Amino acid sequence: MNYGLIGEKLPHSFSKEIHEKIADYQYSLKELKSSEVENFILSKNFKAINVTIPYKQTVIPFLDEIAPEAQAIGAVNTIVNRDGVLYGYNTDFGGMRALIERTEVELKYKKALILGTGGTSRTARAVCERLGAKEILRVSRSGREDSITYEEAYARHTDADVIINTTPCGMYPNITDCPIDLDRFSKLSGVIDAVYNPLSTTLVLKAKERGLNAAGGLYMLVAQAVLAAEHFMDKELDVVKLTNQIYEEIYFSKRNIVLSGMPGSGKSTVGKLTADQTGREFIDTDALIVDRTGEITAIFAEHGEQYFRDLETEVIRELAPLNGKVISLGGGAILRDENIDALRHNGEIFFIDRSPEYLIPTDDRPLADEKEKIERLYHERIDRYMATADYIIDGDCDPEDVADSIINGE
């Protein structure tokens, strides 16, 4: 390949899409076993590549020249082949710094815990030093490589101001995993997670629930890619402008549009219109349940509402790791916190607020098959709909107008 990314496991990677937005070159993803890395690098069958977990340190002995900042950090994520001479760089430093500054996480005079001991943790430590952190500790399960254990962190360092995760914990497909218990750290002011898929890890979501400045790694990924492309092409780019532009494009293409609302509010109709206009797949959670188990009225009659809600939660859990979908929820899906938590990993919730007088009862929804039932249900749930929504959409207009409002984030 001419340009691309090497790593151990790459099904989650957004790098191909990002690089092919930066410039006119084809970018490939190549998974390598650890035993294959040396031969691949020394064969020099590439013009320029990026390196990701777990080979950012592995590749160093096979390079001819290493940039001073990469040498100091002890990790390389960019390699350029110039007439058979291999040059190593670290653009993760610039990417991590850009993410921290964009998220407004203050490190000067602060105590930082960095989770992990791999190449990205070394980069994070260098960034923390550059930004004036008072104390920097790396945390790992083993406590090796000049790190402390998680037990030590809980016992002696719960006064940390900032936590930066550089481990793969919480990465797709294991999106519910969380590397550390934030509740033990009462002084936290900021959390950074290098994981970018899902868009918001459990760690980031928990930090935001506490009102902390927190962000996942997508902005870092884009920024380091733009910086790497400068080395690839040996030319200066407008890094900030390109990073912001591509970040917005990638974020919105990967974000799920999740529709909530009462039965009869038009979620399915609006969802299909939104999917058609944005080129996304449309998924209806109620339709999935019907396909698997049978009609909803029969489920309620035979097994009760609790059983149906459990099926609904199971479906939502399966959909949560997906990217770039339009997902229509059943009317009661927002009643469970676990559903909302799962959907927020990759999605934003749009509540279609259709007035009760316009809601039409349907026989296939046992809780909303009569006018009185549906009006009572609306008033019982409206506060919950509002509280769980990222956007509240006027549902009293034509479906095409509702879809336009959703696409425009209004």
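Positions within a chain are numbered from 1, following the residues in the order the chain's sequence is written. Confidence filtering applies because this is a predicted model: local features only for residues at pLDDT of at least 70, side-chain atom pairs given and counted only at 80 or more, and all residues used for totals across whole chains, interfaces and linings. Derived side-chain values reflect all non-hydrogen atoms in the structure, with water molecules and hydrogen atoms excluded from consideration.

## Points about the environment of Lys33
Quick reminder of the rule: Each helix is a run of DSSP H or I of at least 4 residues and each strand a run of E of at least 2, with the numbering of both proceeding from the N terminus.
Examined against the element boundaries, Lys33 turns out to sit in the loop between β2 (27-31) and α2 (37-43). Counting along the chain gives 289 residues from Lys33 to Leu322, while the straight-line C-alpha distance between them is 26 Å.

## Section: the sheet that holds strand β14 (residues 281-284)
Going by this rule: Only when DSSP finds a minimum of two bridges between them are two strands counted as paired. Only the contacting stretch of a helix is used when fitting its axis, a line to C-alpha atoms as for every element, and angles between N-to-C directions run 0 to 180 degrees. Between two residues, a contact is recorded if the distance between any of their heavy atoms is within 4.5 Å.
Spatial ordering of the open sheet is given by β14-β15-β13-β16-β17, a layout of 5 strands whose pairing is parallel. At either end of the open sheet lies a strand with only one pairing partner, and these are β14 and β17 (391-394). Direction aside, the axes of adjacent strands within the sheet are offset by 25° on average. Judged from the 4 bridges that link them, β14 and strand β15 (residues 325-328) form a sheet pairing that is parallel. Note that in β15 the partner of Glu281 across the bridge is Lys325. Set on the sheet, helix α15 (residues 371-388) makes contact with β13 (256-260), β16 (347-353) and β17; between it and β16 the angle comes to about 145°. The strands touched by helix α16 (residues 399-407) within the sheet are β13, β16 and β17, with β17 carrying the most contacts at an inclination of about 160°.

## Overview of helix α4 (residues 92-103)
The cut-off we apply is this: Expected span, for any helix, means 1.5 Å times one less than how many residues it has. Each residue is placed in one exposure class: buried if its accessible area under a 1.4 Å probe, protein chains only, is under 20% of its type's maximum, exposed if it is over 50%, and partly exposed if it falls in between.
Taking 1.5 Å as the rise per residue, α4 with 12 residues should run 16 Å; its terminal C-alpha atoms sit 16 Å apart, in good agreement. Looking only at α4, the buried set comprises Asp92, Phe93, Gly95, Met96, Leu99, Ile100 and Thr103. Those residues of α4 hidden inside the fold are in contact with α3 (68-73), α5 (119-130), β10 (162-165), β11 (190-193), β12 (213-215) and α8 (218-233). Positive backbone phi, at 60°, marks Glu104, one or two positions downstream of α4.

## Details of the pattern of salt bridges
Rules: Just to be clear on terms, a salt bridge is a Lys or Arg side-chain nitrogen sitting within 4 Å of an Asp or Glu carboxyl oxygen.
The final tally for this structure, using the stated rule, is 21 salt bridges. Among the salt bridges present, the one from Asp64 reaches Lys44, with a minimum N-O distance of 4.0 Å. Of the two residues, Asp64 sits in the loop between β3 (48-51) and β4 (65-66) while Lys44 sits in the loop between α2 and β3, which places them 20 residues apart along the sequence. Overall, the relative accessible area of 43% leaves Asp64 in the partly exposed class.

## A look at the packing of aromatic side chains
Inclusion rule: Think of it this way: a Phe, Tyr or Trp ring, Trp meaning its six-membered ring, pairs with another when their centres are within 6.5 Å, and the plane angle makes it stacked under 30 degrees, edge-to-face over 60, tilted otherwise.
The full count for this structure, using the stated rule, is 12 aromatic pairs. Plain terms: the ring middles of Tyr154 and Phe185 are 6.0 Å apart, the flat faces sit at 45° to each other, and that makes the pair tilted. With a gap of 31 residues between them, Tyr154 in helix α6 (residues 150-156) and Phe185 in the loop between β10 and β11 connect regions that are remote in the sequence. Between Tyr247 and Tyr251, the ring centres sit 6.0 Å apart and the planes meet at 25°, which makes this aromatic pair stacked. Of the two residues, Tyr247 and Tyr251 are both situated in helix α9 (residues 239-254); the distance of 4 residues between them amounts to about one turn of the helix.

## Notes on the packing of helix α12 (residues 296-303) against helix α13 (residues 305-319)
Note the following rule: By definition in this entry, angles of less than 35 degrees are roughly parallel, angles greater than 145 are roughly antiparallel, angles of 65 to 115 are roughly perpendicular, and the rest are oblique. All amino acids are sorted into three groups, where Ala, Val, Leu, Ile, Met, Phe, Trp, Tyr, Cys and Pro are nonpolar, Asp, Glu, Lys and Arg are charged, and the leftover types, Gly among them, are polar.
In the contact formed by α12 and α13, the axes pass within 7 Å of each other and the chain directions differ by 130°. As the angle between them shows, α12 and α13 are arranged oblique. Here Ile296, Ile299, Phe300 and His303 of α12 come into contact with α13, specifically with Glu305, Tyr307, Phe308 and Leu311. For the contact of α12 with α13, a count of residues per class yields 6 nonpolar, 1 polar and 1 charged.

## Quick word on the sheet that holds strand β7 (residues 111-115)
Spatially, the 6 strands line up as an open sheet ordered β9-β8-β7-β10-β11-β12, and their pairing is parallel. Single-partner strands in this sheet number two, and they are β9 (148-149) and β12. The sheet contact formed by strand β8 (residues 135-140) and β9 spans 2 bridges and is parallel. From the neighbouring strand, Val139 faces β9, where its bridge partner is Ile148. Strands β10, β11 and β12 of the sheet are contacted by α4, whose axis makes an angle of about 145° with β11. Sheet strands in contact with α5 are β7, β8 and β10, and its direction is about 165° off that of β8.

Remember that the coordinates give geometry; whether it matters functionally is a separate question.
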